[in-house]
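Descriptive analysis of the structure
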Amino acid sequence: MIDLNIIRLGNEDGPEGDDDLERGVATKAKPKTKKPSMYRVLLMNDDYTPMEFVVHVLINIFNKSPEDATRIMLNVHQAGIGTCGIYTFEIAETKVAQVMDAAKRNQHPLQCTLEKV
């Protein structure tokens, strides 16, 4: 939507004078932006991936401290699934791909997915 504000310069009496000047300023309404959707990155437990590898993934891909990585790994081990972090879609998707690639390169069946928060 465009709002045109008219400012009259010159003869204030109206349009009968030739020296009236009209100046306008076009203003645009700014579209309202909304926050991006967030996604939870999840690790699934399996009976074959070593706990040390899961801790390594959490430290190197998710930038967790060794203590946080160990806590998350134990939660995944005990509950069967655990949250690594919450990110925008593109970042979550990239992290899932990095985990899956690392697991495949190291011949581990570790599974990682994302879900909308």
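Here we summarise the structure given alongside this text.

So, how was this worked out
- Residues numbered from 1 in each chain as written.
- Predicted model: local features only at pLDDT ≥ 70, side-chain atom pairs only at ≥ 80, totals over all residues.
- Heavy atoms only, no water.
- Helix = DSSP H or I, 4+ residues; strand = E, 2+ residues; numbered from the N terminus.
- Buried < 20%, exposed > 50% of the residue type's maximum accessible area, 1.4 Å probe, protein only.
- Lys, Arg positive; Asp, Glu negative; His and termini not counted.
- Salt bridge = Lys/Arg side-chain N within 4 Å of Asp/Glu carboxyl O.
- Contact = heavy atoms within 4.5 Å.
- Disulfide = S-S within 2.5 Å.

Within the secondary structure, K95 is located in helix 3 (residues 89-105). Here K95 is buried and forms no salt bridge, its nearest opposite-charge partner E90 lying at an N-O distance of 13 Å. Here K95 is in contact with I61, F62 and Y87, once residues within four sequence places are set aside.

Glancing now at the state of the cysteines. Scanning the model with the defined rule gives zero disulfides in all. Unpaired in terms of disulfides, C84 finds its nearest cysteine sulfur in C112, a separation of 5.4 Å. Judged by relative accessible area, which is 7%, C112 ranks as buried.

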